[in-house]
Amino acid sequence: MDLVLEGRAYVRGKLGRWSIGIEDGRIAQIARTIRGGERLDLGDMIILPGAIDPHVHFRDPGMTDKEDFSTGTLAAACGGVTTVLDMPNTLPPAVTASKLAEKKEAIARKAWVDYGLFAGCMAGADIEAMAPLAVGFKVFMGSSTGRLLVTEDLDLAKIAALVKRTGKVLSVHAEDEAMIEHGEERSPVDHLRNRPAAAEVAAIRRLSALDCRINVCHVSSADGLQALEGLPFTKEVTAHHMLLDRDSDIGAYGKVNPPLRTKEDRLALFQAFISGRIDMLGSDHAPHAIEDKEQEFDVAPSGVPGVETTVPMMLALMKKGTLPLEVLVSAMAERPAEVFGLNKGCLEVGRYADLMVIDPRATVPIKVNNLHSKCGWTPFEGWDAIFPHAVFVRGELVVEDGEPAGERAGRDVVAAERS
Ligand code: DOR
Ligand code: ZN
Ligand code: ZN
């Protein structure tokens, strides 16, 4: 055994005292005691599966002044995220097999955690060619950062039919472009008026006609949740839509798509999440530079960072008793692994040893100076969080005592499965 972790571990749906034996990057044994190998006694600390964030926008290539794959994945690691799935609205956008291959080359050897890339779908996309390189596919039905957009039902149906043949998931930004106003905005309230919940509902209704595996990204409204009832789609929520709303006093820092909505929407999402009705927790980490966010509301770009704060804030809510541990582990690790077909996401023999170790007594306020994203701001300054004490990616220590450690060992989850 290369390494044996001893502590309280979340195994088969509950916490218990276990020894976890790691060999060649995988969990090789889970037993009360394991002999041999280097041991790490974690006392009362808790060993959880590393989180899989199914939705980040690292800005590599093309906008690496805002984030690059190194800073983005370092932030991820320090936030307990051992795998990130990166969106295609980089520069150039990852919308063809050759652009995806170029992106892979640009980010190679930069990552602290494992990663998968989404292939962006535009009308007429060569989906078959992109499939071997992509962890999943992405469609924007409403315009946001970048130029990816599909507005016509016929194009959506063609994309869905081709995605279905790949067996992979189509993650969708579900806001109906035809229902978005592009008029002047001075506040989050205006931004919400321009992008109403009805646009989310309309997009979901249009998706219901499609035949492939669909994941609805960042569900943001009570009406959107209701529209999803009975549909065979998976659902993703963000921390910002569950914890912030249009009345949060953060100006353009709270400008994001879909928008922050009403308190009722926020509470409906949070309730759905804590009661286990949401498949996945995603950060939608969208780092924009402070200078860009400091502009007039109308011209400031949309998006908030979150890859380092999402899981730690949820761990603090778990400690408080608001969020059941089994719901959190399911949404941050087990379900994303299932949905995207990754051999990770739970403490089980044969899975990759992606783990985080947390001290449940270590609640601290979030401070931007302690975060690792290049963007240098957070809408969650001062919020309670439990940052992991240690993080392992395939058995390699990447965070120790809450600080980066070891070597960058991240690799592409899709390439790794094929080799
Ligand atoms: O607010 C957003 N920002 N929504 C998106 O869909 C994209 C993201 C970004 O990349 O900045
Ligand atoms: Zn989106
Ligand atoms: Zn996004």
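Calculation notes
- Residues numbered from 1 in each chain as written.
- Chains lettered and ligands numbered in written order.
- Predicted model: local features only at pLDDT ≥ 70, side-chain atom pairs only at ≥ 80, totals over all residues.
- Heavy atoms only, no water.
- Pairing = 2+ DSSP bridges.
- Helix = DSSP H or I, 4+ residues; strand = E, 2+ residues; numbered from the N terminus.
- Contact = heavy atoms within 4.5 Å.
- Axes fitted to C-alpha atoms, helices over the stretch in contact; angles between N-to-C directions.
- Near = heavy atom within 4 Å.
- Polar contact = N/O pair within 3.5 Å; in protein donor to acceptor, adjacent residues only side chain to side chain.
- Areas by Shrake-Rupley, 256 points an atom, 1.4 Å probe, with all protein chains shown as cover.
- Nonpolar A, V, L, I, M, F, W, Y, C, P; charged D, E, K, R; others polar.
- Buried < 20%, exposed > 50% of the residue type's maximum accessible area, 1.4 Å probe, protein only.
- Arc of directions from axis to C-beta.
- Donors = N, O, S within 2.8 Å, 3.2 Å for Na, K, Ca; no water.
- Core = buried A, V, L, I, M, F, W, Y, C linked by side-chain atoms within 4.5 Å.
- Phe/Tyr/Trp six-rings, centres within 6.5 Å; stacked < 30°, edge-to-face > 60°.
- Lys NZ or Arg CZ within 6 Å of the ring centre and 35° of its normal.
- Expected span 1.5 Å × (residues − 1).
- Patch = residues over 30% accessible without salt bridge, like charges linked within 9 Å, V, L, I, M, F, W, Y side chains within 5 Å.
- Salt bridge = Lys/Arg side-chain N within 4 Å of Asp/Glu carboxyl O.
- Lys, Arg positive; Asp, Glu negative; His and termini not counted.
- Charge placed at Lys NZ, Arg CZ, Asp CG, Glu CD.

### Re the pairing of strand β3 (residues 26-31)
Alignment of strand β2 (residues 14-23) against β3, held across 5 bridges, turns out to be antiparallel. Along β3, the bridge assignment pairs isoleucine 22 with isoleucine 27. Here β2 folds back onto β3 in antiparallel fashion, the turn holding 2 residues, of which aspartate 24 has a positive phi close to 50°.

### So, the sheet that holds strand β12 (residues 280-281)
Pairing is parallel in the open sheet, where 8 strands are placed in the order β5-β6-β7-β8-β9-β10-β11-β12. Edge positions in the sheet fall to β5 (51-56) and β12, since each has one partner strand and no second. Relative to strand β8 (residues 136-140), strand β7 (residues 114-120) runs parallel, the two sharing 3 bridges. Within the sheet, the bridge partner assigned to glycine 120 lies in β8 and is lysine 138.

### Considering the sheet that holds strand β17 (residues 396-400)
By way of backbone hydrogen bonds, the strands of a sheet pair with one another, either parallel or antiparallel. Read from one edge of the open sheet, 8 strands run β3-β2-β1-β4-β13-β16-β17-β18, paired in mixed fashion. Sheet topology places β3 and β18 (403-404) at the edges, where each strand pairs with a single neighbour. The sheet contacts of helix α12 (residues 325-340) involve β1 (3-11), β2, β4 (38-49) and β13 (355-358), and relative to β4 the element is tilted by about 100°.

### Examining the site of ligand 1
Around ligand 1 sit 13 residues, and of these Arg59, Asn89, Ser144, Thr145 and Asn257 come closest. A distance of 2.7 Å separates an oxygen atom of ligand 1 from a polar side-chain atom of arginine 59. For ligand 1, an oxygen atom lies 3.1 Å from a polar atom in the side chain of histidine 173. Considering ligand 1 on its own, with 290 Å² of exposed area, one finds that the protein chains cover 100% of that surface. Broken down by class, the residue content of the shell around ligand 1 amounts to 3 nonpolar, 9 polar and 1 charged.

### A look at helix α2 (residues 97-107)
Along α2, the residues that are buried comprise Leu100, Lys103, Lys104 and Ile107. One side of α2 holds all its buried residues, which, seen down the axis, span an arc of 100°. One or two steps after α2, the chain reaches arginine 109, where phi turns positive at roughly 70°.

### Let's talk about the coordination of the zinc ion (ligand 2)
The protein atoms that coordinate the zinc ion (ligand 2) are His173 (ND1) and His218 (NE2), at distances spanning 2.1 Å. Taken as an interatomic distance, the gap from the zinc ion (ligand 2) to the zinc ion (ligand 3) is 3.3 Å. Placement of the pair is histidine 173 in strand β9 (residues 170-173) and histidine 218 in the loop between β10 (214-216) and α7 (222-228), with a sequence separation of 45 residues. Histidine 218 shares its class with histidine 173; the two are buried.

### Here we look at the nonpolar core
Among the nonpolar cores identified, the biggest contains 98 residues, and Leu48, Phe273, Met314 and Met332 are the most heavily contacted of them. Setting aside its immediate chain neighbours within four residues, phenylalanine 273 contacts Val237, Met242, Ile278, Leu281, Met314, Leu323, Val327 and Ala331. Formed by 18 residues, the second largest nonpolar core is a distinct cluster that contains Ala9, Ile27, Leu347 and Ala353.

### Quick notes on the packing of aromatic side chains
Scanning all chains against the criterion turns up 5 aromatic pairs. Among the aromatic residues, ring-to-ring pairing joins Phe58, Phe69 and Tyr115 into one connected group. Across from the ring centre of tryptophan 18, 3.9 Å away, lies the NZ or CZ of arginine 32, which sits over that ring. For the cation-ring pair, lysine 138 lies above phenylalanine 140, with the distance from its terminal atom to the ring centre recorded as 4.0 Å.

### Describing helix α4 (residues 153-166)
Structurally, the α-helix is built with 3.6 residues per turn, so residues lying three or four positions apart point the same way. Its 14 residues give α4 an end-to-end C-alpha distance of 20 Å, which sits within 8% of 20 Å, the value for a rise of 1.5 Å per residue. Among all positions of α4, only Leu156, Ile159, Ala160 and Val163 are buried. Along the long axis of α4, the arc covered by the buried residues comes to 100°, so they all point the same way. In α4, the exposed residues that point more than 90 degrees away from the buried face are Leu154, Lys158 and Arg165. Among the structural elements, α3 (127-130), β8, β9 and α6 (197-207) are those in contact with the buried residues of α4. Downstream of α4 by a residue or two, glycine 167 has a phi angle that is positive, lying close to 80°.

### Things to note about a negative patch on the surface
Negative charge collects at one region of the surface, where Asp2, Glu23, Asp24, Glu396 and Glu407 lie side by side. Structurally, aspartate 24 is set in the loop between β2 and β3. The exposure class assigned to aspartate 24 is exposed, which follows from its relative accessible area of 68%.

### Things to note about the environment of isoleucine 180
Positionally, isoleucine 180 belongs in the loop between β9 and α5 (188-194). Separated by 12 residues in sequence, isoleucine 180 and leucine 192 place their C-alpha atoms 9.7 Å apart. In contact with isoleucine 180, not counting residues within four places along its chain, are Gly142, Ser143, Glu175, Asn194 and Arg195.

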